[in-house]
Amino acid sequence: MAEGGSGNASAGNLPPGDPQLIALIVEHLKNRGLFDEFRRDCLADVDTKPAYQNLRQKVDNFVTTHLSTQEWNPSNNKNQMRNGLRQSVVQSGMLESGVDRIITQVVDPKLNHTFRPHIETAIHDFLSGDRREESPSNSNPTTSEQTEQPEIPPATGPKTP
C-alpha cells in the first residue's frame, strides 16, 4: 500500500495525458474493482438484448450447418474438428459484427450515465489523494496548533473559577 501512496505522490507531478499517469489511474480503477463492476453490469444485460440473441442464433445455425457437412467416425480427432469449426466461425466475420452490435446495445448506453460518473469520481479520489499526501507535510504546523489549542482551554479553564 505504501507503493500506491508513493504512486499518488508522483502522479501529482505528471502532466495530464502522461502515459505513467494514465497507467496509475487505470491501476487505481482496477484496484477499486470498477472494471469488474462494469463487466458484471454489462453481462447482466447482455442476454436480454436482440443483438446477442441474433448473434447466438447465427452461430448456432452456422455450427449446425458446418457439422452437417462433417462426416463423423471414431477415429476423427475432436480437437482438430473443434479448431476447424472455431476458425470457420471467426473467418465468417459474424462474431466481429455481432459483437459490435452487442457493444452498441449494452455498453454504449451505460457510458455517459453509469460508467463515466464512477470513473470521474474514482479519478477525483485518486488525484485528491495526492493533495492529502501533500497536506500532512503542510499541515504539521496545523497539527501542532491543534495540539496547542486543547492545552490553552484547560489552562484558561482552571484560572477562570
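Structure's up top.
No experiment lies behind these values; they were computed from the predicted model shown.

Helices and strands together make up the secondary structure of the protein, namely 8 helices and 0 strands. Secondary structure of the protein in N-to-C order comes out as α-α-α-α-α-α-α-α. The proportion of buried residues among the 161 residues of the protein is 19%. Within the protein, counting contacts between residues at least 6 apart in sequence, those at least 24 apart form 72% of the total. Summed over all atoms, the accessible surface of the protein reaches about 11,800 Å², with 54% contributed by carbon and sulfur.

Below, the discussion takes up the nonpolar core. Leu-21, Ile-25, Leu-29, Leu-34, Ile-102, Val-106 and Phe-126 are the most contacted members of the largest nonpolar core, which totals 17 residues. Secondary structure elements with two or more residues in this core: α2 (19-31), α3 (34-46), α4 (50-68), α6 (94-106) and α7 (108-138). When residues of this core are assigned to their parent elements, the largest contribution, 4 residues, is made by α3. Discounting chain neighbours no more than four positions away, the residues touching Leu-29 are Leu-34, Phe-35, Ile-119 and Ala-122.

Here we take up the pattern of salt bridges. Applying the stated criterion across every chain, the model contains 4 salt bridges. The salt bridge involving Asp-125 is made with Arg-32; its shortest N-O contact spans 3.0 Å. Of this pair, Asp-125 sits in helix α7 while Arg-32 is found in the loop between α2 and α3, placing the two residues 93 residues apart along the sequence. A relative accessible area of 41% means that Arg-32 is categorised as partly exposed. Among the salt bridges present, the one from Lys-110 reaches Asp-41, with a minimum N-O distance of 3.6 Å. Within this pair, whereas Lys-110 is found in helix α7, its partner Asp-41 is found in helix α3, the two being separated by 69 residues in sequence. Look at Asp-41 and you get partly exposed, because its relative accessible area is 26%. Through salt bridges with shared partners, one network takes in Asp-41, Asp-45 and Lys-110.

Quick look at α4 now. Between the first and last C-alpha of α4 there are 27 Å, a value that for 19 residues agrees with the 27 Å anticipated at 1.5 Å per step. In this structure, the buried side of α4 is in contact with α5 (78-92) and α6.

Analysis parameters
Counting from 1, residues in each chain are numbered in the order their sequence is written. In keeping with the model being predicted, local features are shown solely for residues with a pLDDT of at least 70 and side-chain atom pairs are shown and tallied solely at 80 or more, while totals for entire chains, interfaces and linings include all residues. For side-chain calculations, the full set of non-hydrogen atoms in the structure is used, while hydrogens and water are omitted. Only DSSP runs of H or I covering at least 4 residues are called helices, and only runs of E covering at least 2 are called strands; the numbering of each starts at the N terminus. Working definition: with a 1.4 Å probe on protein chains only, accessible area under 20% of the residue-type maximum means buried, over 50% means exposed, and in between means partly exposed. Every residue pair with non-hydrogen atoms within 4.5 Å of one another is taken to be in contact. Accessible surface area values rest on a Shrake-Rupley calculation with a 1.4 Å probe, where residue burial reflects the displayed protein chains alone. We call a set of buried Ala, Val, Leu, Ile, Met, Phe, Trp, Tyr and Cys residues a nonpolar core when their side-chain atoms join them within 4.5 Å. Should a side-chain nitrogen of Lys or Arg be within 4 Å of a carboxyl oxygen of Asp or Glu, the pair is scored as a salt bridge. Expected helix span is taken as 1.5 Å per residue step, with the number of steps being one fewer than the number of residues.

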